[in-house]
Amino acid sequence: MTEKPPYILAIETSCDDTSVALVNSCGFVKGLKRAHQNNRHQYFGGIVPEVASRAHTEVLIPMIEDLFLDTGVATSDIEGIAVTNRPGLIGSLLVGVVTAKTLALAWNKPIIGVNHLFGHIAANMLWDENIRPPHLFSQDSYPRLPWLVLLVSGGHTVLYWVEDCYQIFILGQTRDDAAGEAFDKFGKLLGLPFPGGPQVDYLARGWSGRLDSHKKSPFHIGEMPGYDFSFSGIKAAAERLIKGRSWWSDEEKMELAFYYQKAIVDSLLTKLKKASNELRPPSVMVTGGVSANSYFRDELNKLGGYLNTSILIPPLCYTTDNAAMVGLAGWWHWDKRTWVSQDSDAVRAFASSLADDFLSKHQSG
Ligand code: KG4
Ligand code: ZN
């Protein structure tokens, strides 16, 4: 597949990561920049919305300038601007949307609002100079639809049935906490830096013990009906256990992290396996920040072998929030000509897009 200008300029500021990217319609990422705010929120032990919005305002414009400079792409080479406009922290979203609208007006380019969750789905089709996913040889060779998609992030845990870009059904979702949130809260209990997910992953990898089928795990997630999930129980169990003792050795913490991570991953795999067996989708994929988890990725490969299908997972760098995924999702809308004019309100703009009610309109099934 050849790299094909023009590009979309994509902007992502829905939560605590600022990111901008240039992506072409084949999902080729010409350039990607991202800035974390982890150290700013560290002190509070979680994301503070006002701090997040202010941090976006500080870095967004310089990042866009650097992106064009570093890639050598001219503004005349961009077809339009895609910006995440939902769901997320309203102040953070507004920083991205207002910036996108201003640039669209100045450059006379169209603008489109993209659902962040839809972006995570597109993350599986991204590639770049270093990463050429084996399943992507041409724009027409996307994995065969419908897709069974498990989205696991800091705010969402949802199993989708994707008929096409505009018909996306929720099969099941978490009834309380998201899986990423459960990781983060566990990290906080152990006094690890924010966000806890990658730290817990690292800690669990360090455990020198071996899984012993005779040994009972301290963590267990009860079976939820259908394709739903629940992670609040395990979080409460971890809190009781950890706060029940004043001191834990490093080795004990690693063991706890291993079993906690395993319980969450097992629960995700169980529902993915159930849906794969019952619905027989032509393609199965997992996405979202938690799909960066090393144990989860290993187990997904094993499950793929068992199901005799390859389960797609985004390249590691596209698992967590990034603007490249928003850019490709923007192109998918572009193909359907659902751009909106730059002077409309991009926060409302999605109402006119066919992908509008990605979250609310699609019935649970
Ligand atoms: O998709 P994402 O970047 O942001 C949201 O849209 O929420 O996901 C962030 C979540 C956080 O909860 C973070 O702790 C988790 O993904 N995460 C991980 C790992 N890397 C990120 N969880 C477990 N293991 C990881 N390696
Ligand atoms: Zn996300």
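About the criteria used
Residues numbered from 1 in each chain as written. Chains lettered and ligands numbered in written order. Predicted model: local features only at pLDDT ≥ 70, side-chain atom pairs only at ≥ 80, totals over all residues. Heavy atoms only, no water. Donors = N, O, S within 2.8 Å, 3.2 Å for Na, K, Ca; no water. Tetrahedral: all angles 85-135°; square planar, octahedral: opposite > 155°, others 65-115°. Helix = DSSP H or I, 4+ residues; strand = E, 2+ residues; numbered from the N terminus. Salt bridge = Lys/Arg side-chain N within 4 Å of Asp/Glu carboxyl O. Buried < 20%, exposed > 50% of the residue type's maximum accessible area, 1.4 Å probe, protein only. Phe/Tyr/Trp six-rings, centres within 6.5 Å; stacked < 30°, edge-to-face > 60°. Lys NZ or Arg CZ within 6 Å of the ring centre and 35° of its normal. Near = heavy atom within 4 Å. Polar contact = N/O pair within 3.5 Å; in protein donor to acceptor, adjacent residues only side chain to side chain. Areas by Shrake-Rupley, 256 points an atom, 1.4 Å probe, with all protein chains shown as cover.

Undergrad: Just checking my understanding: could you explain the coordination of the zinc ion (ligand 2) for this structure?
TA: Six octahedral donors around a metal ideally subtend angles of 90 or 180 degrees, whereas four tetrahedral donors ideally subtend 109.5 degrees. Coordination of the zinc ion (ligand 2) by the protein comes from His116 (NE2), His120 (NE2) and Asp321 (OD), over a distance range of 2.0 to 2.1 Å. Of note is the zinc ion (ligand 2), whose four donor atoms meet at the metal with angles of 96 to 137° in an arrangement that counts as irregular. The motif formed by the donor residues of the zinc ion (ligand 2), counted along the single chain, is H-x3-H-x200-D. Placement of the pair is His116 in helix α4 (residues 116-122) and Asp321 in the loop between β10 (311-312) and α10 (323-335), with a sequence separation of 205 residues.

Undergrad: What is the right way to look at the pattern of salt bridges in this model?
TA: Side chains that carry opposite charge are capable of pairing whenever their charged atoms lie near each other. Under the criterion given, the structure shown has 14 salt bridges. For Glu50, the salt bridge is made with Arg54, and the minimal N-O distance between the two is 2.5 Å. Separated by four residues within a single helix, Glu50 and Arg54 lie in helix α2 (residues 49-71), roughly one turn from each other. When its relative accessible area of 52% is taken as the criterion, Arg54 is described as exposed.

Undergrad: Honestly, the packing of aromatic side chains in this entry has me stumped. Any pointers?
TA: Two numbers describe a pair of aromatic rings. These are the distance of the centres and the angle of the planes. Scanning the entire structure with this criterion turns up 14 aromatic pairs. Summarising the aromatic geometry, the rings of Trp147 and Trp332 are spaced 6.2 Å apart at their centres and angled 55° between planes, so their arrangement reads as tilted. Residue Trp147 is found in strand β6 (residues 147-152), and its partner Trp332 is found in helix α10; the two are separated by 185 residues along the sequence. An aromatic cluster of at least three residues, connected via ring pairs, comprises Phe118, Tyr142, Trp147 and Trp332. Over the ring of Tyr306 we find Lys273; its NZ or CZ atom is 4.5 Å from the centre of that ring. When the ring centre of Tyr227 is taken as reference, the NZ or CZ atom of Lys274 above it lies at 5.3 Å.

Undergrad: It is not clear to me how the site of ligand 1 should be interpreted in this structure. Could you clarify?
TA: The immediate surroundings of ligand 1 are formed by 19 residues, with Gly154, Asp184, Asp201, Asn293 and Asp321 found nearest. One nitrogen or oxygen atom from the side chain of His116 is found 3.2 Å from an oxygen atom belonging to ligand 1. Here Asp184 contributes a side-chain N or O atom positioned 2.6 Å from an oxygen atom of ligand 1. When isolated, ligand 1 has an accessible area of 560 Å², and the protein chains bury 89% of it. Every element with two or more residues in the shell around ligand 1 is listed here: α4, α5 (179-189) and α6 (196-205).

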